[in-house]
Amino acid sequence: MDYFLNYYRHKKLGDKYFITTDHGSNCVLSEDEFKKLKQNKIDKNLKSKLTEREIIINEFNLTEAIRLTRNRNSFLYSGTSLHIIVITLRCNLNCIYCHASPKSLEKKEFDMDKETAKKTVDFIFQSPSKGITIEFQGGEPLLNWDVVKQVIEYARGKNKEAKKTLMITIVSNLTKMDEEKMKYLIDNDVIVCTSLDGPKELHDYNRRFLNGSSNDHVVKWIKRFNEEYKKKGIKNKKIGALVTLTRKSLKYPKEIVDEYVRLGLSDIHMRFLNNLGVAKQAWSDISYSVQDYLTFWKKAVEYIETLKKKGVKINERMVSIMINKMNNEFDPDYLDLRSPCGAAIGQLAYNHDGKIYTCDEGRMLGEDNLFLLGNVMEDNYKDIITSNKACAVINASINDQYACNDCAYKPYCGICPVCNYTEQGNVIAKISQTGRCKIYMEQFNWVVKNKFMN
């Protein structure tokens, strides 16, 4: 025999089989083709099909399979690229699902000071990654505007020597935005992202603002930023927005999508709710079952598909990510859906006081001992990233365990130790019993059936 069978996994959906390999190649087989594969009675046509996807390995495609394996896992060797700076914990909203445990406006001791901000940037630039993204989170970052500007200018200055690909983003509720801040952010090439939970009534229910409607501010500044981008001739850039879904949200799949379309937003990420921060206290009122979420999600994505057929530019982000992971040889670096996940090696989070966490979700737990790695005032990047705690969290996020090993979606999936801990009280969870696993399984099933088997 002039070939051997690569290790493969399969998933039966309807009367077809989805076949995957560890390096991410995949193909769809009919019942008859799959029977021939299992019995190793492979005819000429099937052999050609399987060889093309490296499910059959021979002397001509072995090097290609090795190359694809290396590229699929190239993120393991690049260094931490996403650096989330919690510039303040203060916030002027009272969102019912807030993950960040915000502080009231008068508590300025929860603002990052300029010395800590400088040390944080110095720490970030110790990462060997050729690409660095600095993301401002909160609280509401605009409440500590002077330090936001300091970080932007200091990072740009350091990068003149470091010569990395530097991207800076800010996540804001936009209630403190004004024309001067908007001009500064656009002139300094800062990407702006906000939260938009749907139509005004739903958004204001989820994201409560004592001084009126938070939705009014969001809609106003989405329009203003996009007008300004167009006026300045800045192409391929729009303000971004994220949806957070509460139990009330699940009644409005069509209306939420329509609001994004109305405001010219071409991507919508129908994320499920995480039990972190303030959300823990309100969980019994705002949460939903896995099945209720999936029913909502499928209605939303199917509505999006009908709009796309009519020429409307709108995509559900998880669908796009999954297609990207299955079609391309390089991982798209969506850190939640990676093995190991983004904790430490993909992202680090820096609290207002300089404490360094494995990820922003780890910071949100408010349990310093579990995902806390150190402090920018005392530690360096190499010691943090090679510490026993960082390695333990990274190891807990690798999906090389029994529950995952037979799953056809293993090459494209990932585990979150933080979510496992919040759901089961242990970073090493019974994966198949987690809501996250059940959701991703059905989302992958939908994508494969609708995008690969049609």
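Described in the following lines is the structure provided in the data block. (Residues numbered from 1 in each chain as written. Predicted model: local features only at pLDDT ≥ 70, side-chain atom pairs only at ≥ 80, totals over all residues. Heavy atoms only, no water.)

## Observations concerning the overall build of the protein chain
Then step 1. A tally of regular secondary structure across the protein chain gives 19 helices and 16 strands.
Then step 2. For a compact globule of 454 residues, the expected C-alpha radius of gyration is about 22 Å, and the protein chain comes in at 23 Å, within 12% of that figure.
Then step 3. Counting only C-alpha atoms and orienting by the principal axes, one finds that the protein chain spans roughly 75 × 50 × 50 Å.
Then step 4. Long-range contacts, defined as pairs at least 24 residues apart, comprise 68% of the intrachain contacts of the protein chain with a sequence gap of at least 6.
Then step 5. With the model as given, the accessible surface of the protein chain reaches about 21,000 Å², and the carbon-plus-sulfur share is 49%.
Then step 6. Taking the average location of the 70 positive side-chain charges in the protein chain and that of its 58 negative ones, the two points are 3 Å from each other. (Helix = DSSP H or I, 4+ residues; strand = E, 2+ residues; numbered from the N terminus. Rg over C-alpha atoms; globule rule 2.2 N^0.38 Å. Contact = heavy atoms within 4.5 Å. Areas by Shrake-Rupley, 256 points an atom, 1.4 Å probe, with all protein chains shown as cover. Lys, Arg positive; Asp, Glu negative; His and termini not counted. Charge placed at Lys NZ, Arg CZ, Asp CG, Glu CD.)

## Some words on the packing of helix H9 (residues 253-262) against helix H11 (residues 290-309)
Then step 1. For the pair H9 and H11, interaxial distance at closest approach is 9 Å and the crossing angle is 45°. In terms of axis orientation, H9 runs oblique to H11. The crossing of H9 and H11 is right-handed. Listed contacts from H11 to Pro-253, Lys-254, Ile-256, Val-257, Asp-258 and Val-261 of H9 are Phe-296, Lys-299, Ala-300, Tyr-303, Ile-304 and Leu-307.
Then step 2. Each residue belonging to the contact of H9 with H11 can be placed in one class, and the counts come to nine nonpolar, no polar and three charged. (Axes fitted to C-alpha atoms, helices over the stretch in contact; angles between N-to-C directions. Parallel < 35°, antiparallel > 145°, perpendicular 65-115°, else oblique. Left-handed = near helix turned anticlockwise from the far one by under 90°. Nonpolar A, V, L, I, M, F, W, Y, C, P; charged D, E, K, R; others polar.)

## Examining helix H18 (residues 417-424)
Then step 1. Those residues of H18 not exposed but buried are Pro-417, Val-418, Cys-419 and Asn-420.
Then step 2. Of the residues one or two after H18, Gly-425 is the one with positive phi, at around 75°. (Buried < 20%, exposed > 50% of the residue type's maximum accessible area, 1.4 Å probe, protein only.)

## As for the sheet that holds strand E3 (residues 16-21)
Then step 1. Strand order in this open sheet of three strands is E2-E3-E4, and the pairing throughout is antiparallel. At either margin of the open sheet sits one strand with a lone partner, and together these are strand E2 (8-13) and strand E4 (26-30). Here the average twist between neighbouring strands, direction ignored, is 25°.
Then step 2. Note: E3 against E4, five bridges, orientation antiparallel. Bridging from a neighbouring strand, Phe-18 pairs with Val-28 of E4. (Pairing = 2+ DSSP bridges.)

## Some words on the side chain of Lys-164
Then step 1. The residue Lys-164 is located in the loop between helix H5 (145-162) and strand E8 (165-171) in this model.
Then step 2. Glu-161 provides the closest opposite charge to the buried, salt-bridge-free Lys-164, at an N-O distance of 11 Å. (Salt bridge = Lys/Arg side-chain N within 4 Å of Asp/Glu carboxyl O.)

## What to know about the sheet that holds strand E7 (residues 131-137)
Then step 1. The mixed open sheet is built from nine strands, whose spatial order is E12-E10-E9-E8-E7-E6-E14-E15-E16. The sheet is open, and its two edges are formed by strand E12 (270-271) and strand E16 (372-375), each paired on a single side.
Then step 2. Pairing of strand E6 (residues 82-86) with E7, which is carried by five bridges, proceeds in the parallel orientation. From the neighbouring strand, His-83 faces E7, where its bridge partner is Ile-134.

## Things to note about the side chain of Glu-228
Then step 1. Along the chain, the position of Glu-228 falls in helix H8 (residues 214-231).
Then step 2. Contact partners of Glu-228, with chain neighbours within four places excluded, come to Met-182 and Ile-186.

## Examining the environment of Gly-79
Then step 1. Among the structural elements, Gly-79 can be located in the loop between helix H3 (62-72) and E6.
Then step 2. Look at Gly-79 and you get buried, because its relative accessible area is 16%.
Then step 3. Taking the C-alpha atoms as reference, Gly-79 lies 8.2 Å from Lys-130; in sequence the two are 51 residues apart.
Then step 4. Once residues within four sequence positions are removed from consideration, Gly-79 is found in contact with Ser-127, Pro-128, Ser-129, Ile-345 and Tyr-381.

## Section: the pairing of strand E9 (residues 190-195)
Remember that side chains alternate between the two faces of the sheet whenever the strand is regular.
Then step 1. Counting buried positions over the six residues of E9 gives five, a clear majority of the element.
Then step 2. In this sheet, E9 lies alongside E8 in parallel orientation, the contact comprising four bridges. By the bridge assignment for E9, Val-171 is matched with Cys-193.
Then step 3. Of the strand pairs in this sheet, E9 and strand E10 (residues 240-244) are connected by three bridges, and their pairing is parallel. Following the sheet pairing, Ser-195 is matched in E10 by Leu-242.

## A word on unusual backbone geometry
Then step 1. Cis peptide bonds are those with omega within 30 degrees of zero, and the linkage from Gly-138 to Gly-139 qualifies with 10°.
Then step 2. With respect to the helices, strands and loops of the structure, Gly-139 is situated in the loop between E7 and H5.
Then step 3. Residue Ser-339 is joined to Pro-340 through a cis peptide bond whose omega torsion reads -5°.
Then step 4. Its identity as a non-glycine residue notwithstanding, Lys-163 has a phi of 55°, on the positive side.

## Some remarks on the pairing of E2
Then step 1. Relative to E3, E2 is paired through six bridges, and the arrangement is antiparallel. The partner of Lys-11 across the bridge, within E3, is Phe-18.
Then step 2. With antiparallel pairing between neighbouring strands as the criterion, E2 and E3 make up a hairpin whose turn holds two residues, including Gly-14 at a positive phi of roughly 70°.

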